[in-house]
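# A structural walkthrough
Residue-level listing of the chains:
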Amino acid sequence: MQIAPSPHRNVLEAQGVTKVFREGREEVSVLNGVDLTVAPGEIVALEGPSGSGKTTFLSILGCILTPTSGRIVVDGEEIDASRPARLPAIRKRSIGFVFQQYNLFPALTALENVEYALNIKGTNGRQGRRQAEAAIDQVGLADRAHFLPRDLSGGQKQRVAIARALAGKPPVLLADEPTANLDTAVGGQILGLFRDLAKRENRGLLIVTHDPNVRAIADRVVKIRDGRIISDLPEAPVARLAMPIVEAPLSPRHSARRSRRKEKLS
Amino acid sequence: MPNLALKNLLHDKLRSVMTIAGVAFAVTLVFVQVGLFLGILDNASVTIDHIAADLWVTSRNTPNVDFAHGFPETRVQRVRSIPGVARAANLLVQFLNLTLPDGAEEGMLVYGLEDFKRWGIPWKIDSGDLADLKRGDYMFLDASAERRFGPFAVGDYREVMGYRVKILGRTRDALSFTTSPLAFLDYSLVQKLAGERMDGRSTYILVKLEPGADPAAVAAEIRQRLPWNDVYTRADWAKRSRGYWVASTGIGLNMYLTVFLGCLVGVVVVTQTLYTSTMEHIKEFGTVKAIGGSNRDIYRILGSQAVIAAVIGFVAGRLMAFALAPAMAEIRLKLIIPTEFAGIVFVGTLVLCLTAALVSFRKVSKIDPALVFRA
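Procedures and definitions
Residues numbered from 1 in each chain as written. Chains lettered and ligands numbered in written order. Predicted model: local features only at pLDDT ≥ 70, side-chain atom pairs only at ≥ 80, totals over all residues. Helix = DSSP H or I, 4+ residues; strand = E, 2+ residues; numbered from the N terminus. Rg over C-alpha atoms; globule rule 2.2 N^0.38 Å. Buried ≥ 20, exposed ≤ 12 C-beta atoms within 10 Å, placed from the backbone. Contact = placed C-beta atoms within 7 Å. Pairing = 2+ DSSP bridges. Axes fitted to C-alpha atoms, helices over the stretch in contact; angles between N-to-C directions. Core = buried A, V, L, I, M, F, W, Y, C linked by C-beta atoms within 7 Å. Parallel < 35°, antiparallel > 145°, perpendicular 65-115°, else oblique. Nonpolar A, V, L, I, M, F, W, Y, C, P; charged D, E, K, R; others polar. Arc of directions from axis to C-beta. Domains from an automatic or database assignment.

Quick look at the overall build of chain B now. In terms of helices and strands, chain B carries 12 helices and 12 strands. The C-alpha radius of gyration of chain B comes to 29 Å, more than 25% above the 21 Å expected for a compact globule of 375 residues. When the backbone C-alpha atoms are referred to their principal axes, chain B occupies close to 95 × 50 × 30 Å. Within the span of chain B, comprising 375 residues, buried residues form 45% of the whole. Taking all contacts inside chain B whose residues are at least 6 apart in sequence as the whole, residues at least 24 apart take part in 83%.

Residues and elements named next belong to chain A. Ordered by their spatial adjacency, six strands build an open sheet running S6-S7-S8-S3-S9-S10, and the pairing between neighbours is mixed. Strand pairing shows two members of the sheet lacking a second neighbour, strand S6 (95-98) and strand S10 (228-234), which therefore form its edges. Direction aside, the axes of adjacent strands within the sheet are offset by 20° on average. Relative to strand S8 (residues 204-209), strand S3 (residues 43-47) runs parallel, the two being bridged by five bridges. Each residue of the ladder has a partner; that of Glu 47, found in S8, is Thr 209.

Now for the sheet that holds strand S4 (residues 69-74) of chain A. Pairing between the strands of a sheet is mediated by backbone hydrogen bonds and can be parallel or antiparallel. All names here are of chain A. Spatial ordering of the open sheet is given by S2-S1-S4-S5, a layout of four strands whose pairing is antiparallel. The outermost strands of the open sheet, each flanked by one partner alone, are strand S2 (26-38) and strand S5 (77-78). Note: strand S1 (residues 12-23) against S4, five bridges, orientation antiparallel. Considered in S4, the bridge of Leu 12 is made with Val 74.

Formed by 123 residues in total, the largest nonpolar core has its most connected members in Val 114 of chain A together with Val 23 of chain B. Here this core gets 15 residues from one element, more than from any other, and that element is helix H2 (residues 13-50) of chain B. Within the second largest apolar cluster, 60 residues are counted, among which are Ile 48, Leu 141, Tyr 204 and Val 218 of chain B.

The next subject is the packing of H2 of chain B against helix H9 (residues 251-280) of chain B. Residues and elements named next belong to chain B. The interhelical angle for the contact between H2 and H9, taken along N-to-C directions, is 170°, at an axis separation of 9 Å. Relative to H9, the element H2 lies roughly antiparallel. Residue classes in the contact of H2 with H9 are distributed as 17 nonpolar, eight polar and one charged.

Along helix H1 (residues 4-11) of chain B, the positions that sit buried rather than exposed are Leu 4, Asn 8 and Leu 9 of chain B. For H1 of chain B, the buried positions fall inside an angular range of 135° around the axis, keeping them on one side. Packed against the buried residues of H1 of chain B are helix H3 (110-120) of chain A together with H2 and helix H11 (295-330) of chain B.

Once that is clear, we can look at the interface of chain B and chain A. Listed as interface residues are 23 residues of chain B and, on the opposing side, 26 residues of chain A. Of all the secondary structure elements, the ones that give two or more residues to the side of chain B that touches chain A are H1 and helix H10 (282-290) of chain B. Grouping the constituent residues of the side of chain B that touches chain A by class yields 12 nonpolar, six polar and five charged.

Once that is clear, we can look at the domain arrangement of chain B. Domain assignment breaks chain B into domain 1 (4-43 + 250-373) and domain 2 (61-227). Spacing between the C-alpha centres of domain 1 of chain B and domain 2 of chain B amounts to 47 Å.

Turning our eyes to something else, we now look at helix H2 (residues 87-94) of chain A. Those residues of H2 of chain A lying buried are Leu 87, Pro 88, Ile 90, Arg 91 and Ser 94 of chain A. Seen along its axis, H2 of chain A keeps its buried residues to an arc of 160°; they face one direction. Those residues of H2 of chain A that are buried lie in contact with S4, S5, S6 and strand S7 (172-176) of chain A together with H10 of chain B.

Encoded structure:
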């Protein structure tokens, strides 16, 4: 079902989502009526202990799994569980993923990783190459564009993964523990980058995390336990200010643009 | 578009080399086995292919050119009188014994004709003048005889069926299917050496047609006039001679079996390496799905890998078969690989490699994209 687009609609909506897995004769209920919304430009942190159901929820929101019941709307399109063949098209159009393990293609350079994602999404040829270069530039890796993932640091790999997630300009970014494999300083840079991208480009960002530093960039923190949302609160501005976020080193072009913006605001 | 299939192959160099080596091995095996088979079969009809006769008149039910038996030589006159026949000549083909200098006896296949030059046989002459054959007890012996008869030179004598015969010339590439060396003697000398049983008898009548004559009509007329003989066109006779050896020796079955095993080895190697590669890249394929790719996108990657392995493996296998040809020639084995056959092997290689990729297709079709979230 297509929901009529409105200028203020949420890019992600979940209502009463349940997920039950079968393990032999047993049924294991992982999600029990979960509700969540993410608005454009909003950053939501989803926190919860291991086994709380947050990765399953992320998979459902990312159209990788279908819910047992409940309603999922991604960028205005309601997910129809009876039509799983439609899910790849929604993923392709509306969702960008960032994974804990980066999941880059080791045989492709940083630039090619992004370009390949664009090609999958239907942007080919010179246009694909130009957009990939822009995305790599946007995450400050222009000078590492032709490096293979094995020659990049953890933080640089995650930047490539973010550039790949941005490919095709999806309105929703889903990140699974994006800072888990990074040290505090590099993790801070990545979070700064996320914040910039979400705010500047008005993308809805859901970050599944254990990392308390993520709160520093989150507009809302949603806590999940045993498959239920136990709290969904706006993050206090004080808490946000208390967290030191390292300014992400962007490319010279983007740095200049940011300086101009700051000057304008002041 | 970044070619993920090619990049993956270049990234996993060792596995790619193994895959390509497996394909190349199978291709080489098929080329060498079939090439040798065609080379040996070529020997079964090599004289038929070179003799400038449009029709062959044989004794009834002669199975192949080597196993000839006689009929009255005067029948050639009846053939010569048929309209459309430009010329006809008796040809004697006989296995005769040759006594070696050490006293051992070996068999050789002897061709007897009155005018060899006119019929274009032998076709490769290293030394000697065929016209001299009529002057006495002389013969041209093929160079391949050295493997069985020992070294010989023009001017040497050998004892054939108890007669001293001088070697006057040396030919090349004239081998029978049975690997018996070929010798070329004057028609009447062969009759003399063969003894009473071939006295006044011939084994074949070679027929050259006049330009524009209808081979089928002339053959029909010959059949009418020589009801106790068979008549074949050159192509049919060559086919019958080759077919005899394929059917009677098991060489055909052996060839098919080896080709089958070669293909099987190739498919198993490619299947195994592609499958292992797929399993190692399973998370990458999961990522392809997670970023919106479909099974078709992944099939394209795997299919491309199979095609790349097939193309490079085919080229390597073809080159290896080329490289082996001179070594085979050293031991008098011909490797014949017609272009059409190479084309068939290329298509077969592609089909088999893509078939091998099907096992991996099955695996990736069931990939759970959620695996991308697993550490």
